Amino acid sequence: MKFGGTSVANEERIERAASLIIDEVNTGKQVAVVVSAMGKTTDKLLALAADIHPDAEKRELDMLLATGEQVTASLLAMAISAKGIPSKSFTGWQAGIRTESIHSNARIEDVDSKRVVDTLESGAVAVIAGFQGIDHDAEVTTLGRGGSDTSAVAVAIAINASACDIYTDVEGVFTTDPRMIEEAAKLNEISYDEMLELANLGAGVLHPRAIEFAKNHQMPLRVRPAHINGEGTMIKEEIEMENNLIVRGVAFEEDIVRITIMYDTPYNGSLANIFTVLAEQQVNVDIIVQTIMDGEQPSVSFSIKNEDFAKAMNVLEMNKEELGYKRADFEVGLAKVSIVGSGMVSNPGVAAHMFDALRDASIPIKMVSTSEIKVSVVIPSMYMKEAVAVLHKTFELGHVG
Ligand code: ADP
Ligand code: ASP
Ligand code: MG
């Protein structure tokens, strides 16, 4: 069982989480629990750090942020014990969560679950601080924002759990973010692949790596509400098609920047050079569009996240001569809106339908990218909410379930 930040935001909610855990224990199950930091703790800690050092070392930030989850773990263990069921809390490293040596966005490499398993075998509930681990040099690492989901799935796999339930502040996975679109409908089921696309394309309800792990180990994963009773959404390999849905969800992401590099003459450099220098500086490039036409200036455009913008422009400027381009332009204030559904594989015309709907709403499209089960468009941010609403309606997602 994993409890997210809102679900442990205060004493009352910690008590409620403890009760839900004890209900499970009373059905005869052994229960391991993973927790997030209380409420907005992680944001508050980051703000505190920024006041003291605007560009603090990532190592120190990890030391700081890891404390948030530890507070919840110990308090929740106390709450469970207070209700008469033995419970013991663990930091990520005490729970054997080993990661690669990267601060602020480490991947879990393996989990030595002995202490957790011993605790469960002794009849106690193990409560583990999420979002954190330890590297080979005994340095504390964190897993990236939202990473407690990944801790939960990794622990579930390591202890050979029968399932992993993610308790959160919504009733499950919806056709789009229910906090933005009122008509969003809860899905009863969704496949690992669709969920992974949605999460990667901006649906913050699950950390993408959690879904990846769950899929690789076929761990049944469920997103369910902590504040009310509800069955939530099952995420698994094969699902039944609800109402023959071709599109299952709409995801969106703000703060996208498009950079366009223009050449005077047909390339003297090559695409590989541009993307190599960007990759060397850890700039994540998303959509790439190249145009080479007779009689026109060759150009290449690509999209990145706003947070990488300054770094990207800097890298391009520093390597201008070597890359051999004439000018680099950029456009900020963009958003990416995507439709996802495994039914697209066998249904041509989904992209056309999407473009039609956006054109009818006079929403300009700046870039497009597709895969077997998604179509993404980059549009001006000011149209983002409208685009999500239009697509949600066009693909009749309000009627699911
Ligand atoms: P937690 O603190 O429990 O990890 P998060 O804030 O990380 O919770 O994730 C839950 C939030 O994800 C919801 O409050 C909701 O606004 C957002 N969200 C975005 N897309 C979706 C979606 N498709 N379905 C459900 N929730 C979504
Ligand atoms: N507390 C961390 C965050 O806010 C991790 C998590 O909640 O999953 O990102
Ligand atoms: Mg989360």
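Quick notes on the rules
- Residues numbered from 1 in each chain as written.
- Chains lettered and ligands numbered in written order.
- Predicted model: local features only at pLDDT ≥ 70, side-chain atom pairs only at ≥ 80, totals over all residues.
- Heavy atoms only, no water.
- Salt bridge = Lys/Arg side-chain N within 4 Å of Asp/Glu carboxyl O.
- Helix = DSSP H or I, 4+ residues; strand = E, 2+ residues; numbered from the N terminus.
- Buried < 20%, exposed > 50% of the residue type's maximum accessible area, 1.4 Å probe, protein only.
- Pairing = 2+ DSSP bridges.
- Phe/Tyr/Trp six-rings, centres within 6.5 Å; stacked < 30°, edge-to-face > 60°.
- UniProt positions renumbered as here; feature names shortened; annotations may be inferred.
- Contact = heavy atoms within 4.5 Å.
- Near = heavy atom within 4 Å.
- Polar contact = N/O pair within 3.5 Å; in protein donor to acceptor, adjacent residues only side chain to side chain.
- Areas by Shrake-Rupley, 256 points an atom, 1.4 Å probe, with all protein chains shown as cover.
- Axes fitted to C-alpha atoms, helices over the stretch in contact; angles between N-to-C directions.
- Parallel < 35°, antiparallel > 145°, perpendicular 65-115°, else oblique.
- Left-handed = near helix turned anticlockwise from the far one by under 90°.
- Nonpolar A, V, L, I, M, F, W, Y, C, P; charged D, E, K, R; others polar.

Student: I keep staring at the pattern of salt bridges and nothing clicks. Help me out?
Tutor: Think of it this way: side chains of opposite charge can pair up when their charged atoms draw near. For the coordinates displayed, the defined rule picks out 25 salt bridges. Where Lys305 meets Glu253, a salt bridge forms, and the shortest distance between an N and an O atom there is 3.2 Å. Residue Lys305 is located in strand S15 (residues 299–305), and its partner Glu253 is located in strand S13 (residues 249–262); the two are separated by 52 residues in the primary sequence. By relative accessible area, which is 14% here, Glu253 ends up buried. Bridged by salt links that share partners, the residues Asp165, Arg222, Arg224 and Glu231 form one connected network.

Student: Could you clarify how one ought to interpret the pairing of strand S16 (residues 327–340) in this entry?
Tutor: The two faces of the sheet receive side chains in turn, since in a regular strand these alternate between them. Note: S13 against S16, eleven bridges, orientation antiparallel. Paired with Ile261 across the two strands is Ala328, which belongs to S16. Alignment of S16 against strand S18 (residues 374–380), held across seven bridges, turns out to be antiparallel. In the strand pairing of S18, Ala335 is matched with Ile379.

Student: What exactly am I supposed to notice about the packing of aromatic side chains here?
Tutor: Remark: the centre distance and the inter-plane angle together describe each pair of aromatic rings, the angle taken between the planes. A full pass over the atoms with the stated rule returns three aromatic pairs. Seen from their ring centres, Phe3 and Tyr167 are 4.8 Å apart, and the 15 degrees between their planes marks the pair as stacked. Of this pair, Phe3 sits in strand S1 (residues 2–3) while Tyr167 sits in strand S9 (residues 164–168); the two residues are 164 residues apart in sequence, bridging distant segments of the chain. Residue Phe3 shares its accessibility class with Tyr167, and that shared class is buried. Between Phe275 and Phe302, the ring centres sit 5.3 Å apart and the planes meet at 75 degrees, which makes this aromatic pair edge-to-face. Of this pair, Phe275 sits in helix H8 (residues 271–280) while Phe302 sits in strand S15, and the two are 27 residues apart along the sequence. Comparing Phe275 with Phe302, the two get one shared label, buried.

Student: Looking at this structure, how should I read the UniProt feature "binding site: substrate" (unreviewed entry) in the chain?
Tutor: The UniProt feature table records "binding site: substrate" (unreviewed entry) at Thr42 and Glu69. A maximum C-alpha distance of 8.7 Å places the annotated residues, which cover 28 residues in sequence, within one compact spot. Looking at the element boundaries, Thr42 is found in helix H2 (residues 41–52). With sequence-adjacent residues up to four places away left out, Thr42 is seen in contact with Ala37, Leu65, Glu69, Phe131 and Arg145. Topologically, Glu69 is positioned in helix H3 (residues 58–82). Setting aside its immediate chain neighbours within four residues, Glu69 contacts Val35, Ser36, Ala37, Thr42, Ala129, Gly130, Phe131, Gln132 and Ser148.

Student: Any chance you could explain the site of ligand 2 here in plain terms?
Tutor: Taken together, Ser36, Thr42, Glu69, Phe131, Arg145, Gly146, Gly147 and Ser148 are the residues near ligand 2. In this structure, a nitrogen atom belonging to ligand 2 sits 2.7 Å away from a side-chain N or O atom of Glu69. Take Ser148: an N or O atom from its main chain is 3.0 Å from an oxygen atom of ligand 2. Summarising the interface, the protein chains cover 86% of the accessible area of ligand 2, which totals 270 Å² for the free molecule.

Student: Teacher, can you tell me more about the packing of helix H11 (residues 350–360) against helix H12 (residues 384–394) here?
Tutor: Helix packing geometry: the angle between the two helix axes and the distance between the axes. At a minimum axis separation of 10 Å, H11 and H12 run at an interaxial angle of 130 degrees. Looking at the two axes, H11 sits oblique to H12. The hand of the H11/H12 crossing is right-handed. Each of His353, Met354, Ala357 and Leu358 in H11 lies in contact with H12, whose residues at this interface are Ala387, Val390, Leu391 and Thr394. For the contact of H11 with H12, the residue count by class is six nonpolar, two polar and no charged.

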